[in-house]
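Next come the chains, spelled out residue by residue.
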Amino acid sequence: MMQLVKLVFWVLLCQIPAWIGMNIVQHNMEWYHTLHLPPFSPPDWMFGMVWAVLYVLLGVSGYYLIRRGVSSVNRKAMWIFIVQLALNAMWTPVFFGMHALMLSMIIVLGMVLLTGWFMRAARPVSRAAVWLMVPYMAWICFAWLINASVWLMN
């Protein structure tokens, strides 16, 4: 039962960036559609679908990291995970809310670097936690490319 509670906690924790961003995105789609977007930018509907899956994978990764408890072995990786999740939660308000294209690009770069650091720090604790982050890492690298292109094109 305790393992289920931990899993639910981490999955819900990783939903916070989505909850923060939903309203902001909805109120700024008109602005977003005025931007020059790169030709490889996915359609709007794909972003929500991909993020829904990624936030669950993030939560399961966090769970695998601490499923045996927090210790000196996994504490560093846990904090890196939480900081990168906080950056993730900041991106939408910065990009969509503030329309700060360069700052949002820097935030995504921070997410990429911290995710790589997390994957390295988590490897001795849980390879499953690391593998669950691979799709997230791929997507945020792609997101950085889109964000950088939007910044350059606008």
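Above this text you will find the structure in question.
Since we're looking at a predicted model, the values are computed, not measured.

Draft legend 1. Seen up close, the packing of aromatic side chains. Taken as a whole, this structure holds 16 aromatic pairs when the rule is applied. Ring centres of Trp91 and Phe96 lie 6.0 Å apart, and the angle between their planes is 80°; on these two criteria the pair is classed as edge-to-face. On the basis of relative accessible area, Phe96 is assigned to the buried category, the value being 8%. Of the aromatic side chains, those joined through ring pairs into one cluster are Trp31, Tyr32, Trp91, Phe95 and Phe96.

Draft legend 2. Just the nonpolar core, in detail. Core analysis: the largest hydrophobic core is formed by 45 residues, its most contacted members being Leu58, Leu65, Phe81, Phe95, Phe118 and Tyr136. Residue assignment for this core shows that the elements contributing at least two residues are helix H1 (2–13), helix H3 (29–32), helix H4 (44–66), helix H5 (75–97), helix H6 (101–122) and helix H7 (127–153). Those residues in contact with Leu58 that lie beyond four places of it in its chain are Cys14, Phe81, Gln84, Leu85, Met133 and Tyr136.

Draft legend 3. Highlighting the side chain of Lys6. Summarising the element assignment, Lys6 is placed in helix H1. Despite its burial, Lys6 pairs with no opposite charge; the closest candidate is Asp44, at 39 Å N-O. In this structure, Lys6 is in contact with Tyr63, Ile66, Arg67, Arg68 and Gly69, ignoring residues within four places of it in sequence.

Draft legend 4. Focus on a nonpolar patch on the surface. There is a patch of nonpolar side chains on the surface, built from Met1, Met2, Leu4, Val5, Val8, Leu12, Ile16, Trp19, Ile20 and Met22 and spanning about 1,000 Å² of accessible area. With five residues, H1 is the largest single contributor of residues to the nonpolar patch. By the element assignment, Trp19 lies in helix H2 (residues 16–26).

Each value, and the rule that gives it
Residues numbered from 1 in each chain as written. Predicted model: local features only at pLDDT ≥ 70, side-chain atom pairs only at ≥ 80, totals over all residues. Heavy atoms only, no water. Phe/Tyr/Trp six-rings, centres within 6.5 Å; stacked < 30°, edge-to-face > 60°. Buried < 20%, exposed > 50% of the residue type's maximum accessible area, 1.4 Å probe, protein only. Core = buried A, V, L, I, M, F, W, Y, C linked by side-chain atoms within 4.5 Å. Helix = DSSP H or I, 4+ residues; strand = E, 2+ residues; numbered from the N terminus. Contact = heavy atoms within 4.5 Å. Lys, Arg positive; Asp, Glu negative; His and termini not counted. Salt bridge = Lys/Arg side-chain N within 4 Å of Asp/Glu carboxyl O. Patch = residues over 30% accessible without salt bridge, like charges linked within 9 Å, V, L, I, M, F, W, Y side chains within 5 Å. Areas by Shrake-Rupley, 256 points an atom, 1.4 Å probe, with all protein chains shown as cover.

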